[in-house]
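So you can see what is in the structure, the chains are spelled out below.
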Amino acid sequence: MPRVAGLLGIALLTLASAVQAGATTAPPGRLPTDVTPTHYDIVVEPDAQALRFKGHETIDVVVHRETRSITLNALDLEVSDVALDGKDTAEVQVDADAQAATFTFRHPVTAGPHRLSLSFAGKIYTSAAGFFALDYESPAGPQRMLSMQLEPADGRRFVPMWDEPAAKATFTLEAVIPSNQVAYSNMPEASNRILADKRHVRFQPTPKMSSYLLHLTVGDLERISRTVAGVDIGIVTRRGAAEQGRFALDAAAEILPWYNDYFGTPYPLPKLDMIAGPGRSQFFGAMENWGAIFYFEGALLVDPRRSSEWDRQWVFDAVAHEVAHQWFGDLVTMEWWDGLWLNEGFATWMASKVTNALHPQRKPWLQAAAGGREYAMQLDAGSATHAVLQPVLSIDAVAQAFDAIAYNKGAAVIRMLEDMVGEDGFRAGMRNYMKKFAYGNTVTDQLWQEIGAATGQPVTDVAHDFTLQPGVPLVSAAPPECRDGASRTALTQSRFETDERSATPVAWRIPVRARALESGAEGSVIMPKSGASAIDAAGCGPVVINAGQAGYFRTLYAPEALGPLRSAFARIAEIDQLGILNDSAALGSAGLMPATAYLDFAWLAPLDSDPIVWRQLAGRLRERDRVFDGSPEQSAWRRLARDRLRPEFEVLGWTPRPDQGESAAILRERLIVSLGELDDAAVIAAARERFEREPSDPSALPAAIRDATLAVVARHADARTWEEMLARARKEPDPREKQRAYLRLGQPLDPALARRALELALSGEPPITVAPGIIDAVSDRHPDMAFSFALANEQAVLAKVEASSRWSYIPTLARTSSDLELARKLRDYAQSAIPEGARKDAEEVMAEIDRRARSYAHLRPQLESWVKAQ
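Residues numbered from 1 in each chain as written. Predicted model: local features only at pLDDT ≥ 70, side-chain atom pairs only at ≥ 80, totals over all residues. Heavy atoms only, no water.

1. Topic: the overall build of the protein chain
Here is step 1: Scanning the protein chain from terminus to terminus reveals 27 helices and 30 strands.
Here is step 2: In terms of C-alpha radius of gyration, the protein chain reaches 28 Å, essentially the compact-globule figure of 29 Å for 870 residues.
Here is step 3: Expressed as lengths along the three principal axes of its C-alpha atoms, the size of the protein chain is roughly 85 × 65 × 55 Å.
Here is step 4: Here the protein chain holds 870 residues, and 61% of them are scored as buried.
Here is step 5: By element, 51% of the accessible surface of the protein chain is carried by carbon and sulfur atoms, the whole surface being about 31,300 Å². (Helix = DSSP H or I, 4+ residues; strand = E, 2+ residues; numbered from the N terminus. Rg over C-alpha atoms; globule rule 2.2 N^0.38 Å. Buried < 20%, exposed > 50% of the residue type's maximum accessible area, 1.4 Å probe, protein only. Areas by Shrake-Rupley, 256 points an atom, 1.4 Å probe, with all protein chains shown as cover.)

Below, the structure is given as structure tokens:
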């Protein structure tokens, strides 16, 4: 029920509802558009110890037609002293479900510009939503950093505002903080004064931007910087950690000029800070706040003593992704959250593109084919998939739009479109788009129209097929026919599905590229949505479909075509080796190829195949190992899998050599973990020996193998080892390493130790942002245990989870299961505890459990027979 302000004009924005007077009709979950903001002036004073803040704001607004009320977003706030133009006060009514507040004035508000003023107070959260605290240990004792995460819809937890992407405005922010601390926001300081023992830091006005991009970080911080292309690029960290940001600073210094050139629009702000915070989140690793990107430390800091090559590449990718958002997302923003995929898919694709330009030895397109695209296809083939461009009808549904379909399928579709129209034309369209819509909002089709106009290609048609409807195309290729020295391959299409077939027919216009192996010649075609198609390539012999793996589809070769491909496998381009391996694994699991087809190809990969191909092999063999859980053939399978991987590990060795590249370093980490999971006695013994030796000899766990080795130790830990791991976690002074040490405590196979880890997570000992990660770590091998524990302690668990993950965290604890009974428990939980519009993540997990159960039942007898035959 509504609570109305009393004599002091205070409204606790936690209750019920009001009917607006004179407001325009708005879509569900959105604000009326009769009043829009143009500028916010916000002064905030946090009390870090009390976990509270207070402040006041003035908002310049434009009233588009006369009204008696103004409605904006607010949540968990107290509001007082509401006035319009300094005189007309308001009655405040709130709608907690809509997360909105309505100010009703005594006199009609005329059309035109006005100034709304108010005071506010709210709480500082202990998980990463709204204005939040991050606690950590330092040489000077316990510290608390304050930071901010407003995406997707938590700006309303900070100040009353129009908290929607299209309600762009400028912001002036002032922070009143302890005199011994510093503050960083989107823009440089305008003034910095000490008044009455408080530091008043006022920042320059921002450009016109969406509310979710506003940012403030406060604490005992330090900064390193350099000027590149006229921009002051900085790394901001807790005191003592700034030098660990040097790698990220160098990365940004490379990336920013390249993006300036690519977009044809220079970065428009005077500075770009990248801010590192201790802890972690279930929802995000970094956030693209304009000019003040926030990262959790694992995504930004590199410690030469402890960070591996995987860590360095992860940081580079995170920097590339978030800096890309400064244009695509910040400068030009989606009109509403249903366009989120283009923000995230584009930034994911752009990170690979800039890496390929600046560090081609990392082979980012090969990595994307091995990882992100493959994961998206796995989800997209299931019954719980959705179109890339999906309607978002409620605030509860917004957070669930941030998924692998948006990020990874989105990136894959963008790569396919660029390959179809050519790099130059695609970039020309992008440059036109940035110039035309800078500081504004767009819908997806406006990008396709610009690229289509620049290239003359049917971009919109193909893009619609892959973004407005769900699913993965299946291109079936007949044996190539040789005619007059050229190969012609007949193609047909259908939908690749891992669940029961959908009743809704789906077809695509599919860009396909083929390569004749003997000649190296390529051909391309856009398959029509219906009817037969064919693709030609000069030269006879075996033909690879989806050459270069830019296409978003599975390829099913006719059985007669597989033999020549197997014989020629070592001569096939590495990215196409990977494509064949991926497709044979997926098609075998779905029953469209023999279940052993993947293994037949996997055992053909030569030792000198690219390390990224070997990383995929190691990962797939670990996945196949789970098919054998409970099988009498599992030990024999593991022996075969170890024998396949061990020669490659012996070539690499435990420690790096000067002649080994970056990809080899990451492969070493993957092989150590995989061989450990496959019960390689020598690897497990060596890992344990290094763990035992490290306290007296830090060189026992060099950065290159530290995390991988400790993962093996954790997986095979006994009670004594687990206790030693816990003791080291408690003693660890570095916040980032302490976090990793606590997370490892959730990794043991031993169920008794897994239960101890679950109890530890809720004990209050681990940092609050780390506790959910421990439960998540347990769920990898003990999903039923972790899920049941979370249900039994639901309120205590959810109290440690940020608001954006509230409806997804518990369901995802079941994601690695193949137990249909657990899927039933999850269904019961979702129906009783999760709002109907927020069940997408739960539905995806249930579909994945069902897929895995059916796939395992199909695969196990065939794989057991294959093992026996070996």
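There's plenty left to go through after this.
2. Notes on the pattern of salt bridges
Here is step 1: Scanning all chains against the criterion turns up 80 salt bridges.
Here is step 2: A salt bridge links R238 to E297; the shortest N-O distance between them is 2.6 Å. Highlighted residues: R238 in strand β17 (residues 231-238) and E297 in the loop between β20 (292-296) and α2 (309-325), separated in sequence by 59 residues.
Here is step 3: Judged by its relative accessible area of 1%, E297 falls in the buried class.
Here is step 4: Taking the shortest distance from any N to any O, the salt bridge between R854 and D850 comes out at 3.1 Å. Here R854 and its partner D850 are both found in helix α27 (residues 840-869), 4 residues apart, which amounts to about one turn of the helix.
Here is step 5: With a relative accessible area of 35%, R854 lands in the partly exposed category. (Salt bridge = Lys/Arg side-chain N within 4 Å of Asp/Glu carboxyl O.)

3. Examining the nonpolar core
Within soluble globular proteins, side chains that are nonpolar generally end up buried alongside one another.
Here is step 1: Core analysis: the largest hydrophobic core is formed by 285 residues, its most contacted members being F103, F158 and V319.
Here is step 2: Sorting elements by how many residues they give to this core places helix α7 (residues 404-421) first, with 11 residues.
Here is step 3: Sequence-distant contacts of V319, that is, excluding residues within four places in its chain, are made with A248, A251, A252, I255, M274, Y295 and L300. (Core = buried A, V, L, I, M, F, W, Y, C linked by side-chain atoms within 4.5 Å. Contact = heavy atoms within 4.5 Å.)

4. What about the side chain of H114?
Here is step 1: Mapped onto the elements of the fold, H114 is located in strand β8 (residues 112-123).
Here is step 2: Accessibility expressed as a relative area gives 12% for H114, which makes it buried.
Here is step 3: Within the local environment of H114, its side chain forms a polar contact with the side chain of D85, the two groups lying 2.7 Å apart.
Here is step 4: Apart from the residues within four sequence positions on either side, H114 is in contact with I59, D60, V61, V63, L84, D85 and V109. (Polar contact = N/O pair within 3.5 Å; in protein donor to acceptor, adjacent residues only side chain to side chain.)

5. Considerations on the sheet that holds strand β26 (residues 510-516)
Here is step 1: With antiparallel pairing, 3 strands are arranged side by side in an open sheet as β27-β26-β29. In this open sheet, the two strands that pair with only one neighbour each are β27 (522-527) and β29 (543-545). With strand direction ignored, the average angle separating the axes of adjacent strands in the sheet is 20 degrees.
Here is step 2: Pairing of β26 with β27 involves 6 bridges; the strand directions are antiparallel. Paired with V512 across the two strands is V525, which belongs to β27. (Pairing = 2+ DSSP bridges. Axes fitted to C-alpha atoms, helices over the stretch in contact; angles between N-to-C directions.)

6. Description of the state of the cysteines
Here is step 1: In this structure the tally under the stated criterion is 1 disulfide.
Here is step 2: The disulfide partner of C482 is C540, and the S-S distance across this bridge is 1.6 Å. The sign of the 45 degrees torsion about the S-S bond sets the C482-C540 disulfide as right-handed. A residue pair is termed long-range when its members are at least 10 positions apart, and C482 in strand β24 (residues 481-483) and C540 in the loop between β28 (533-538) and β29 qualify at 58 residues. (Disulfide = S-S within 2.5 Å.)

7. Thoughts on helix α19 (residues 719-731)
Here is step 1: Helix length check: α19, at 13 residues, gives a terminal C-alpha distance of 19 Å against a target of 18 Å (1.5 Å per residue), a fit within 8%.
Here is step 2: What α19 keeps buried is the set T721, W722, M725, L726, R728 and A729. Projected down its long axis, α19 shows its buried positions confined to an angular sector of 165 degrees, all on one face. Across α19 from its buried face, at more than 90 degrees, point the exposed residues R720 and K731.
Here is step 3: In this fold, the buried residues of α19 make contact with α17 (681-693), α18 (706-715), α20 (735-744) and α21 (751-761). (Expected span 1.5 Å × (residues − 1). Arc of directions from axis to C-beta.)

8. Overview of the environment of D679
Here is step 1: Along the chain, the position of D679 falls in the loop between α16 (662-677) and α17.
Here is step 2: For D679 and P304, which are 375 residues apart along the polypeptide, the C-alpha to C-alpha distance reads 30 Å.
Here is step 3: Filtering out sequence-adjacent residues up to four positions away, D679 remains in contact with R638, R642, I684 and H716.

9. Things to note about the sheet that holds strand β16 (residues 221-228)
The strands making up a sheet associate through hydrogen bonds between their backbones, and the pairing can be parallel or antiparallel.
Here is step 1: Ordered in space as β16-β17-β18-β20-β19, the 5 strands form an open sheet in which the pairing is mixed. For this open sheet the edge positions go to β16 and β19 (286-287), each flanked by a neighbour on one side alone.
Here is step 2: As paired elements, β19 and β20 share 2 bridges and run antiparallel to each other. If you follow M287 over to β20, its bridge partner there is F294.
Here is step 3: With respect to the sheet, α2 is in contact with β18 (271-277), β19 and β20, its orientation differing from that of β20 by roughly 150 degrees.

10. A look at the confidence of the model for the protein chain
Here is step 1: When pLDDT is averaged across the protein chain, the result is 94; 97% of the residues are at 70 or more.
Here is step 2: Here residues 1-23 is a poorly scored stretch, pLDDT under 50, and it has 65 contacts once near neighbours within four places are set aside; other chains count. (pLDDT = per-residue confidence, 0-100.)

11. Notes on the side chain of Q181
Here is step 1: Its location among the elements puts Q181 in the loop between β11 (170-178) and β12 (182-185).
Here is step 2: Among the residues examined, Q181 registers a relative accessible area of 18% and is labelled buried.
Here is step 3: For Q181, the contacting residues outside a window of four places in its chain are R199, V218, G219 and D220.

12. Topic: unusual backbone geometry
Here is step 1: Here the bond from E151 into P152 is cis, since omega is 5 degrees, no more than 30 degrees from zero.
Here is step 2: Backbone geometry at A229 places phi at a positive 50 degrees, although glycine is not the residue there.
Here is step 3: In this fold, A229 is placed in the loop between β16 and β17.
Here is step 4: For K363, which is not glycine, the phi dihedral falls at a positive 50 degrees.
Here is step 5: Mapped onto the elements of the fold, K363 is located in the loop between α3 (340-358) and α4 (364-370).
Here is step 6: When its relative accessible area of 30% is taken as the criterion, K363 is described as partly exposed.

13. Remarks on the packing of aromatic side chains
Here is step 1: Enumeration over the complete set of coordinates arrives at 37 aromatic pairs.
Here is step 2: Here the aromatic rings of Y40 and F171 are separated by 4.6 Å at their centres, their planes lie at 5 degrees, and the arrangement is stacked. Placement of Y40 in strand β2 (residues 35-47) and of F171 in strand β11 is noted, with a sequence separation of 131 residues between them.
Here is step 3: Residue F171 is classed as buried on the basis of its relative accessible area of 1%.
Here is step 4: Between the aromatic rings of F53 and F131, the centroid separation amounts to 5.5 Å while the plane-to-plane angle is 70 degrees, which identifies the pairing as edge-to-face. Of the two residues, F53 is situated in strand β3 (residues 52-63) and F131 in strand β9 (residues 130-138); the sequence distance between them amounts to 78 residues. Exposure class is identical for F53 and F131. Each is buried. (Phe/Tyr/Trp six-rings, centres within 6.5 Å; stacked < 30°, edge-to-face > 60°.)

14. Quick look at the pairing of strand β30 (residues 554-557)
Here is step 1: The side-chain alternation of β30 yields two buried faces, one formed by R554 and L556 and the other by T555 and Y557.
Here is step 2: Pairing of strand β23 (residues 472-477) with β30, which is carried by 4 bridges, proceeds in the parallel orientation. Its bridge partner being in β30, L474 is matched across the sheet by R554.

15. Regarding the environment of K198
Here is step 1: By the secondary structure assignment, K198 is in strand β14 (residues 198-203).
Here is step 2: In this structure K198 touches E45, V176, I177 and R193, once residues within four positions along its chain are discounted.

16. Overview of α18
Since the α-helix advances by 3.6 residues per turn, residues separated by three or four positions end up pointing in the same direction.
Here is step 1: Counting buried positions along α18 gives 9 out of 10 residues, so the element sits mostly inside the fold.
Here is step 2: When α18 is considered as a whole, its buried residues turn out to be R706, D707, A708, T709, L710, V712, V713, A714 and R715.
Here is step 3: Elements that come into contact with the buried residues of α18 comprise α2, α16, α17, α19, α20 and α22 (771-781).

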